[in-house]
Amino acid sequence: MLKKHAIIVLLPLLGLALVTGGSALAGGDAAAGAKVFNKCKTCHITSGEAKRMGPSLECVFGRTAGAVEGYRYSAAMSGSGIVWSHDTMAEYLKNPRQYLKGTKMAFAGLKNDQQIEDLLAFLEGATVGAACPK
Ligand code: HEC
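Residues numbered from 1 in each chain as written. Predicted model: local features only at pLDDT ≥ 70, side-chain atom pairs only at ≥ 80, totals over all residues.

Lay out the site of the ligand with the relevant residues and their values.
The local shell around the ligand holds 27 residues, among which Cys40, Cys43, Gly54, Tyr73 and Ser74 are the closest. Where the shell around the ligand is concerned, the elements lending two or more residues are α3 (75-78) and α4 (86-94). Taken together, the residues that form the shell around the ligand break down as 19 nonpolar, six polar and two charged. (Near = placed C-beta within 6 Å. Helix = DSSP H or I, 4+ residues; strand = E, 2+ residues; numbered from the N terminus. Nonpolar A, V, L, I, M, F, W, Y, C, P; charged D, E, K, R; others polar.)

See below:
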């Protein structure tokens, strides 16, 4: 069900990318990424301090993993030393439990590279607010 829906949503976008001459993997599409974020929404918000099952992703880029105060991370995450960037997050989201053994994030991963690029384009905008360090 979900997959079929995603294909219906993505096909016109792909067509648009072809018409505008863009290669399918050249950069992400934030609008498409907002839809990919539906997979994360039950556990994460992009701004504000409220925590769900996972920590808020506000200001996540440039931050060391495991740094949201008051959120109880796994030892694996808080001791990882990962700094979140486009590249580290792309790797993490492909297969969280392989990238970081012992993480308590129960998410299988995004197998589609374009989805990851789109999601990152969305997150790079949506997680940056006035409260973030410059
Ligand atoms: C079922 C709930 C769940 C889903 C779905 C989920 N996450 Fe998570 N996420 C977590 C939890 C729990 C942690 C804390 C992991 C730890 O401490 O090991 C986490 C941690 C993270 C972190 C590290 C944050 C930090 O402060 O270091 C990032 C980045 C992240 N998730 C992004 C995502 C994205 C993007 C998606 C969607 C593609 C997603 N997550 C889907 C539960 C989830």
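Report on unusual backbone geometry, specifying residues and quantitative values.
If a residue is not glycine, its phi is most likely negative; likewise, a peptide bond is most likely trans. At Cys59, a position not held by glycine, the phi torsion is positive, near 60°. Its location among the elements puts Cys59 in the loop between α2 (30-36) and α3. Assessed through the 18 C-beta atoms surrounding it within 10 Å, Cys59 is described here as partly exposed. (Buried ≥ 20, exposed ≤ 12 C-beta atoms within 10 Å, placed from the backbone.)

Talk me through the confidence of the model for the chain; I want residue IDs and the actual numbers.
Within the chain, residue pLDDT values average 87, and 81% of them lie at 70 or more. Counting contacts from residues 16-24, a segment whose pLDDT is below 50, to residues more than four positions away or on other chains yields four contacts. (pLDDT = per-residue confidence, 0-100. Contact = placed C-beta atoms within 7 Å.)

Describe α4, and please don't skip the residues or the numbers.
All buried positions along α4 are accounted for by Met89, Tyr92 and Leu93. Buried residues of α4, viewed axially, fall in a sector of 90°; they line one side. Looking at the buried positions of α4, the neighbouring elements they touch are α5 (96-99) and α6 (113-126). (Arc of directions from axis to C-beta.)

Quick rundown of the nonpolar core? Include the residues and the values.
If you look at the biggest cluster of nonpolar residues, it comprises 13 residues, and the most contacted ones within it are Met89, Leu93, Ile116, Leu119, Leu120, Phe122 and Leu123. Of all elements in the fold, only α2, α4 and α6 reach the threshold of two or more residues within this core. Top contributing element to this core by residue count: α6, with six residues. For Met89, the contacting residues outside a window of four places in its chain are Trp84 and Leu120. (Core = buried A, V, L, I, M, F, W, Y, C linked by C-beta atoms within 7 Å.)

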